[in-house]
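In case you want the letters, here they are:
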Amino acid sequence: MKADTVKAEEATARTRAASVSRQRVVAGLALIVLAVAAIEFPLVFSSPVVTNYAIYALIFVAAVSAWNLFSGFSGYISLGHAVFFGSGAYTVGIAARDWHVNGVAVFALLPLAAAVGAVIAVPFGLVALRVRRHTFIVITIAVFFIFQLMAYNFSFTGGSVGVSAPFLPWSPTSFNDHFYYITLACAAGTIVIAFLIRRARFGLQLRAIRDDEDRARGLGVHAMRVKLSAFVLSGTITALVGGVWFLYLTQVQPPSGFDPLFDLSLVLMAFLGGLGTIAGPVLGALIIEPGQLYLTIKYTNGYLSEILLGVLFLVIVLFVPRGLVPTAGEWIRRLRTRGRPASGTVSPATSAPPAPPEASEAPAREARTT
Amino acid sequence: MTALLRTEGVRKAYGGVHALDSCTVEIDEGSVAGLIGPNGSGKTTLFNVITGYAKADAGQVYLADKRITNIAPEKVFAHGIGRTFQLTRIFASLTVLENMLVASKHGGAAARSRAMEQLEFVGIAGHHAALAGTLSYGQRKLLELAYVLVSDPAVILLDEPAGGVNLSLVNHITDRIRELNAAGKTFLIVEHNMEFVMGLCDRVTVLDSGAVVAAGPPAIIRTDRRVLNAYLGDDLADDDPHPGEQA
């Protein structure tokens, strides 16, 4: 009897291992197809109108992935990442203007933008991360407005006129193609970083903080250190992306560099796709940013896209609160396990001793009420 | 035996309520110590002060003569004190194995291997890939115990380990504690289940209104008049010699 059980368990384990291998192969092939499609995109769709959509979408893929690796993983929703985005843009613009950097050499200023983002993130994080959740959100909004006001009022930021980018020696026909691949590299790099962090111990600690920060501290997690590291990394990448955005747009002004809708868009993208996942925010950015841009271009009434964004946010919160990717994953899992005995998410491959006798007890929620 | 964990004159007040009042407790190395008292007597507050979740207004906490008063929870953990909570606190969106790895001091294959060992020890290794939020209450209790063990703490504080679980699981937990204690682990246990406390603990400390009213072996505590008074009040204590069974 025992031998039969062991054989059955081994067979289940083999089946599960084969299934995991199959999934990995499918995921690998899908990634290769996506990568090829992304690289070939401007060759197939050469119209600058189309590549303009793609460039903005990729800028937001990078920005939301950077935002997500802090806010999505830790649960601290930042509405102040425009501080980094705008600061990155202004850094490149001011440095190029004051140091007379021209041509493609301006791209050498991007690391400086990232460094400025990191330098701002440290004191910003040290202040904002001393408080939890809702208060944190309020502080990030306050810091955002401080930066916007500074951009309006300091002379070195050009006041309300802003800063213009130097001329790039690229022909109009290749201008978008160059930026497409630059933003694609930014997006891919940020996704890879987010993926590696999520798999690492650092990412695990961030997710533990999201679930129960005090408990995580009681298990040795240096919460402040972990949160601040993620915040600084996130701000650094966002500032770099802001620098790229500035060079593409060729100018930055206070309301565009420090735009309150920037953070709201990031939040919406992450919530739509799936907060804290890797693919979710990417999908959200690929859906929302082109849509938003289309509405802005198509309808001169600039408020229409904002109104629709608000409606979309309500729809997401009401009908897919976990986001598209986790919800779709759940549906697929249900479809695949339909007709099989309900095993939940418990691994069938177990060599553990018999489960303790409470396994059939009432669920935790009920027990807690006793 | 020498005291491994010691609190000296710890005071803690929340507004006008004195949760702890000159509380002095000693836990011998290698012992299983019990901490009992009526609801609101300050047991969990003492746990919180020891583990850094609450700051003491006065008094000191020592671990092996090292002062650890009012240091942060992560530092208390690093010094070798692990604790569980009265209402289990797990990371619901992480898998059971990931919960274990949060508490590991290092990552990598060795940490995973040790985590699996601890899960097997408490009997929930089969659920390692499940989301912790899907576990039953009893399994969550075991998970909490397992992830406290994964970093090999010197002292383990258990807050009502037998609370809200059935008798079979109580026995399962009791066996695990005995095995760990035999291997040298020191325990401080808050519990209302008197049979559990009296059967398991070498020494029991009784708190009432934030102060220690008695301390000693279970057999003596069971009949101590001050304990009877604490649980039943002065009038009723005269009639009932077994306060724990009423708690």
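What counts and how
- Residues numbered from 1 in each chain as written.
- Chains lettered and ligands numbered in written order.
- Predicted model: local features only at pLDDT ≥ 70, side-chain atom pairs only at ≥ 80, totals over all residues.
- Helix = DSSP H or I, 4+ residues; strand = E, 2+ residues; numbered from the N terminus.
- Contact = placed C-beta atoms within 7 Å.
- Pairing = 2+ DSSP bridges.
- Expected span 1.5 Å × (residues − 1).
- Buried ≥ 20, exposed ≤ 12 C-beta atoms within 10 Å, placed from the backbone.
- Axes fitted to C-alpha atoms, helices over the stretch in contact; angles between N-to-C directions.
- Domains from an automatic or database assignment.
- Nonpolar A, V, L, I, M, F, W, Y, C, P; charged D, E, K, R; others polar.
- pLDDT = per-residue confidence, 0-100.
- Core = buried A, V, L, I, M, F, W, Y, C linked by C-beta atoms within 7 Å.
- Parallel < 35°, antiparallel > 145°, perpendicular 65-115°, else oblique.
- Left-handed = near helix turned anticlockwise from the far one by under 90°.

## Focus: the overall build of chain A
The number of helices and strands found in chain A is 14 helices and two strands. For chain A, contacts bridging at least 24 residues in sequence account for 79% of all contacts bridging at least 6.

## A few points about the sheet that holds strand E2 (residues 17-28) of chain B
Here we have four strands laid out as an open sheet, ordered E2-E1-E4-E5 (chain B), and antiparallel in their pairing. Edge positions in the sheet fall to E2 and strand E5 (66-67) of chain B, since each of these pairs with one other strand and no more.

## A short note on helix H11 (residues 279-298) of chain A
The end-to-end C-alpha separation of H11 of chain A is 29 Å, in line with the 28 Å expected for 20 residues at 1.5 Å each. Buried within H11 of chain A are the following residues: Gly 280, Pro 281, Val 282, Leu 283, Gly 284, Ala 285, Ile 288, Glu 289 and Gln 292 of chain A.

## Some points on the sheet that holds strand E3 (residues 32-36) of chain B
Residue and element names in this part refer to chain B. Spatially, six strands are ordered E6-E7-E8-E3-E9-E10 in an open sheet, and the strand pairing comes out mixed. The sheet is open, and its two borders are formed by strand E6 (81-83) and strand E10 (211-216), each paired with just one other strand. If you compare each strand with its neighbour and ignore which way they point, the axes differ by 20° on average.

## With respect to the domain arrangement of chain B
Residues and elements named next belong to chain B. Segmentation of chain B into domains returns domain 1 (1-80 + 155-166 + 186-239) and domain 2 (87-152). Facing four residues of domain 1, the contacting portion of domain 2 comprises four residues. Residues of the side of domain 1 that touches domain 2, tallied by class, amount to three nonpolar, one polar and no charged.

## Re the environment of Glu 306 of chain A
Residue and element names in this part refer to chain A. Locating Glu 306 in the fold gives a position in helix H12 (residues 303-319). You can call Glu 306 partly exposed: it has 16 C-beta atoms within 10 Å. The spacing of Glu 306 and Thr 296 is ten residues in sequence and 9.3 Å in space, taken between C-alpha atoms.

## Some thoughts on the confidence of the model for chain B
All names here are of chain B. On average, residues of chain B score 91 in pLDDT, and 93% of them are at 70 or above. The low-confidence segment residues 243-247 (pLDDT under 50) makes 14 contacts with residues lying over four places distant or belonging to another chain. Quick note on the complex model: pTM equals 0.88, ipTM equals 0.89.

## Observations regarding the nonpolar core
Counting residues in hydrophobic clusters, the biggest one holds 165 residues, and the most contacted among them are Ala 63 and Val 241 of chain A together with Ala 146 and Ile 189 of chain B. Looking at which domains feed residues into this core, each of domain 1 (1-80 + 155-166 + 186-239) and domain 2 (87-152) of chain B gives three or more. Filtering out sequence-adjacent residues up to four positions away, Ile 189 of chain B remains in contact with Val 32, Ala 33, Gly 34, Leu 35, Leu 158, Pro 161, Val 197 and Cys 201 of chain B.

## Quick look at the pairing of E10 of chain B
Residue and element names in this part refer to chain B. Examined bridge by bridge, strand E9 (residues 203-208) and E10 share five bridges and lie antiparallel to one another. Residue Leu 207 lies in a different strand from E10, and its bridge partner there is Val 212. In textbook terms, the turn of a hairpin is the stretch between consecutive antiparallel strands, and for E9 and E10 this stretch comprises two residues, one of which, Ser 209, has a positive phi near 50°.

## What about the pairing of strand E1 (residues 3-14) of chain B?
Residue and element names in this part refer to chain B. Here E1 pairs with E2 via eight bridges, running antiparallel. Bridging across to E2, Tyr 14 finds its partner in Val 17. Two successive antiparallel strands, E1 and E2, enclose a turn made up of two residues, where Gly 15 displays a positive phi of approximately 65°. One ladder, built from five bridges, connects E1 with strand E4 (residues 58-63); its direction is antiparallel.

## Looking at the environment of Gly 220 of chain A
Considering the arrangement of structural elements, one finds Gly 220 of chain A in the loop between helix H7 (201-218) and helix H8 (223-249). Residue classification places Gly 220 of chain A among the buried positions, given that 20 C-beta atoms sit within 10 Å. As for Gly 220 of chain A and Gln 205 of chain A, which are separated by 15 residues in sequence, their C-alpha atoms are 9.8 Å apart. Not counting the four nearest positions on each side in its chain, Gly 220 of chain A is found in contact with Glu 74, Phe 77, Ala 78, Ala 103, Lys 105 and Ser 151 of chain B.

## Considering the packing of helix H10 (residues 260-273) of chain A against H11 of chain A
Residues and elements named next belong to chain A. Running from N to C, H10 and H11 point in directions that differ by 125°, and their axes come no closer than 7 Å. Taken as axis vectors, H10 and H11 run oblique relative to one another. As H10 runs across H11, the sense of the crossing is right-handed. Here Ser 265, Leu 268, Met 269, Ala 270, Leu 272 and Gly 273 of H10 come into contact with H11, specifically with Ala 279, Gly 280, Pro 281, Val 282, Leu 283, Gly 284, Ala 285, Ile 287, Ile 288 and Gln 292. Classifying every residue of the contact of H10 with H11 gives eleven nonpolar, five polar and no charged.

## Remarks on unusual backbone geometry
Its identity is not glycine, yet Thr 250 of chain A carries a phi of approximately 70°, on the positive side. Structurally, the position occupied by Thr 250 of chain A is in the loop between H8 and strand E2 (251-252). Look at Asp 65 of chain B: it is not a glycine, yet its phi comes out positive at around 70°. Overall, Asp 65 of chain B belongs to the exposed group, with 9 C-beta atoms counted inside 10 Å.

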